[in-house]
Amino acid sequence: MKKLIAPSMMCADFEHLKAQVNALDAAGIDVFHMDVMDGHYVPNVALGVEDFKAIRKLTKTPMDIHLMVDNPDDFIAIFAPMKPQIIYVHPDTVPMVTRTLANLKDLGIHPGIAINPGISFEQVQELLPLVDYVLVMTVNPGFAGQPFLDYTLPKIKRFVAVQDEYPFTLFVDGAISPERVKMLSNLGVNGFVVGTSALFGKEQSYATIVSQLKEQ
Ligand code: DX5
Ligand code: ZN
């Protein structure tokens, strides 16, 4: 299956945002990954409304929002009018996550769940019929440039094993290097959020890197 590459835009060079977005689009990326944090659920802030609006103006390519916040319903109300294609919520952040996911569907936004390293497959299994995307965190959420957490691999294999039974597309997020794209795609993962480990701050062009990642 075609690999999907989602650049983590918190790692982009915002001094040259237009050139960055154009180069990433020309390189053939699939989704712009927008990390939104509240400084409480995770001890960082990353991107905001103006960053989303700025990128939305520059491209027609799908954009997702990864909500690492304590109150995702409030953030959905803020971002939904800007029409992200996908919104990921962490199920542990909202008491009635099934209502939140149904609300996203009603808004015409693909619902996704983001699964922390400490959250098990079993804890979210009931949600799988309700989502179009599953984002398995392979680092503790909140910062780029962290080490990959190997203990998430058995859980990733569990999601791969059922992905044909449910409508979700599986992505991984965190410390995804080119070598890990190869290893994880051999396991059956198709979606990769890439930041500083594979894409940003490298010598090669985005076009070279993205085509290599897609060939892995
Ligand atoms: C982690 C972030 C991602 C990612 C960044 O919360 O969601 O943006 O880790 O990419 P790396 O880990 O490759 O720098
Ligand atoms: Zn993310």
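Analysis parameters
- Residues numbered from 1 in each chain as written.
- Chains lettered and ligands numbered in written order.
- Predicted model: local features only at pLDDT ≥ 70, side-chain atom pairs only at ≥ 80, totals over all residues.
- Heavy atoms only, no water.
- Buried < 20%, exposed > 50% of the residue type's maximum accessible area, 1.4 Å probe, protein only.
- Helix = DSSP H or I, 4+ residues; strand = E, 2+ residues; numbered from the N terminus.
- Pairing = 2+ DSSP bridges.
- Right-handed = clockwise from strand over helix to strand, strands pointing away.
- Donors = N, O, S within 2.8 Å, 3.2 Å for Na, K, Ca; no water.
- Axes fitted to C-alpha atoms, helices over the stretch in contact; angles between N-to-C directions.
- Phe/Tyr/Trp six-rings, centres within 6.5 Å; stacked < 30°, edge-to-face > 60°.

Draft legend 1. How the structure looks around the pairing of strand 7 (residues 169-173). Taken across its five residues, strand 7 has five buried, putting it largely inside the fold. In terms of strand pairing, strand 6 (residues 133-137) meets strand 7 through five bridges, oriented parallel. Looking across to strand 7, one finds that Val134 is bridged to Leu170. In this view, the connection linking strand 6 to its parallel neighbour strand 7 by way of helix 6 (residues 153-162) has right-handed handedness. Relative to strand 8 (residues 191-194), strand 7 runs parallel, the two sharing three bridges. Residue pairing in the sheet places Asp173 in a bridge with Val193 of strand 8. Chirality of the crossover, the property in question, places the unit of strand 7, helix 7 (residues 178-187) and strand 8 among those that are right-handed.

Draft legend 2. Quick look at unusual backbone geometry. Of note, Ala46 is a non-glycine position whose phi angle comes to about 60°, a positive value. Examined against the element boundaries, Ala46 turns out to sit in the loop between strand 2 (32-37) and helix 2 (49-58). Unlike most non-glycine residues, Ala175 shows phi in positive territory, near 60°. Following the sequence through the fold, Ala175 ends up in the loop between strand 7 and helix 7.

Draft legend 3. Seen up close, the coordination of the zinc ion (ligand 2). Taken together, His33 (NE2), Asp35 (OD), His66 (ND1) and Asp173 (OD) make up the protein donors of the zinc ion (ligand 2), found 2.1 to 2.2 Å from the metal. Taken in sequence order, the residues that donate to the zinc ion (ligand 2) follow the motif H-x1-D-x30-H-x106-D. Here Asp173 lies in strand 7 and His66 lies in strand 3 (residues 63-68), a separation of 107 residues in the sequence.

Draft legend 4. Expanded view of the pairing of strand 5 (residues 110-115). The element strand 5 is extensively covered by neighbouring structure, given that five of its six residues are classed as buried. Of the strand pairs in this sheet, strand 4 (residues 86-89) and strand 5 are connected by four bridges, and their pairing is parallel. Looking across to strand 5, one finds that Ile86 is bridged to His110. Remark: the strand 4/helix 4 (residues 97-106)/strand 5 crossover connection has right-handed handedness. Bridge analysis of strand 5 against strand 6 gives four bridges, and the strand direction is parallel. Counterpart to Ala114 in the pairing with strand 6 is Leu135.

Draft legend 5. Here's a closer look at the sheet that holds strand 7. On the basis of which strands lie adjacent, the open sheet formed by eight strands has the order 1-8-7-6-5-4-3-2 and parallel pairing. Each edge of the sheet is formed by a strand with only one pairing partner; in this case those strands are strand 1 (4-7) and strand 2. Each neighbouring strand pair of the sheet contributes to a mean axis angle of 25°, computed without reference to strand direction. Strand direction decides the pairing type here: strand 1 and strand 8, joined by four bridges, are parallel. Its bridge partner lying in strand 8, Pro7 is registered against Val194.

Draft legend 6. Looking closely at the packing of aromatic side chains. Applying the stated criterion across every chain, the model contains seven aromatic pairs. The interplanar angle of 75° and the centroid separation of 5.9 Å between the aromatic rings of Phe52 and Phe79 together place this pair among those described as edge-to-face. With a gap of 27 residues between them, Phe52 in helix 2 and Phe79 in helix 3 (residues 72-79) connect regions that are remote in the sequence. We note that Phe52, like Phe79, is buried. Taking 6.1 Å as the distance between ring centres and 50° as the angle between the ring planes, the aromatic pair formed by Tyr133 and Phe171 counts as tilted. Placement of the pair is Tyr133 in strand 6 and Phe171 in strand 7, with a sequence separation of 38 residues. Across the pair, exposure class does not vary: Tyr133 and Phe171 are buried alike. Members of the aromatic cluster, joined through ring pairs, are Phe121, Phe159, Tyr166 and Phe168.

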